[in-house]
Every structure is written in C-alpha cells, then in structure tokens.
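Read off the chains here:
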Amino acid sequence: MKAKLMRFLGIESRFKREFRRQARSFIIVFLGFTIAFTWRQTIFDISSAFMGIITNIKDSSTLSLLASIFITMVSIFFIYLTARLLKEDHY
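Residues numbered from 1 in each chain as written. Predicted model: local features only at pLDDT ≥ 70, side-chain atom pairs only at ≥ 80, totals over all residues. Heavy atoms only, no water.

Undergrad: Would you mind showing me how to read the pattern of salt bridges here?
TA: When the charged atoms of two side chains lie near each other, side chains of opposite charge can form a pair. Under the definition given, this model contains one salt bridge. As a salt-bridge pair, Arg 21 and Glu 18 come within 2.9 Å of each other at their nearest N and O atoms. Here the residue Arg 21 and the residue Glu 18 both occupy positions in helix H2 (residues 11–55), the gap between them amounting to three residues, near one helical turn. Under the relative-accessibility criterion, Arg 21 is labelled partly exposed at 42%. (Salt bridge = Lys/Arg side-chain N within 4 Å of Asp/Glu carboxyl O. Helix = DSSP H or I, 4+ residues; strand = E, 2+ residues; numbered from the N terminus. Buried < 20%, exposed > 50% of the residue type's maximum accessible area, 1.4 Å probe, protein only.)

Undergrad: How should I be thinking about the packing of aromatic side chains in this particular structure?
TA: The relation between two aromatic rings is expressed through the spacing of the ring centres and the mutual angle of the planes. Applying the stated criterion to the full structure yields four aromatic pairs. The interplanar angle of 40° and the centroid separation of 5.5 Å between the aromatic rings of Phe 50 and Phe 70 together place this pair among those described as tilted. With Phe 50 in helix H2 and Phe 70 in helix H3 (residues 60–85), this residue pair connects regions lying 20 residues apart in the sequence. With a relative accessible area of 30%, Phe 70 lands in the partly exposed category. Considering the side-chain rings of Phe 77 and Phe 78, the 5.6 Å spacing of their centres and the 65° angle between planes classify their relative orientation as edge-to-face. Judged by its relative accessible area of 48%, Phe 77 falls in the partly exposed class. (Phe/Tyr/Trp six-rings, centres within 6.5 Å; stacked < 30°, edge-to-face > 60°.)

Structural data, given as structure tokens:
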C-alpha cells in the first residue's frame, strides 16, 4: 500500500532521479580531485625548475618556497581572470 501511494505521489521517481544526480556529482568531484592530485607534483616540479632557471638558486628549500609562491600567484591570477570573465553584468 505504501509503495502504491509513493508511486502515485511521484516520490519514488523523484528520489531516484535526485539520487542519480547526486551520485553523478560525487563521481565527477572524486575524479576531478584524483586528476588534480595526480598533476600536483608535476606542476610543482616544473615550477621549481622554472624558478631555478630564472633565479639561479640551487638551495632546494628556497626553490620549493619560490615555486609555491609562483604557483599561488599564477592561480590567483587565473581565479581573478575567470571571475572577471564570468561576472554577470547588472544594468
């Protein structure tokens, strides 16, 4: 009886649809995090080598600090750029 009532009210189909949507979102976020975690070390190594070429610094801890600052600055620039490009104009 309860199943018939839920089916009649459309609760069952909405729940399944919402569950699938949430599961799809979870999978996308999980795979995106996995991709970002995989590329993290590569981007850091490239940035560290780039900063070593530019500054001629040989100390690994200093290069690590400079690479982190460089990645932070580039990321902030791209965040600012995308925020400006995706900004909604209100007239």
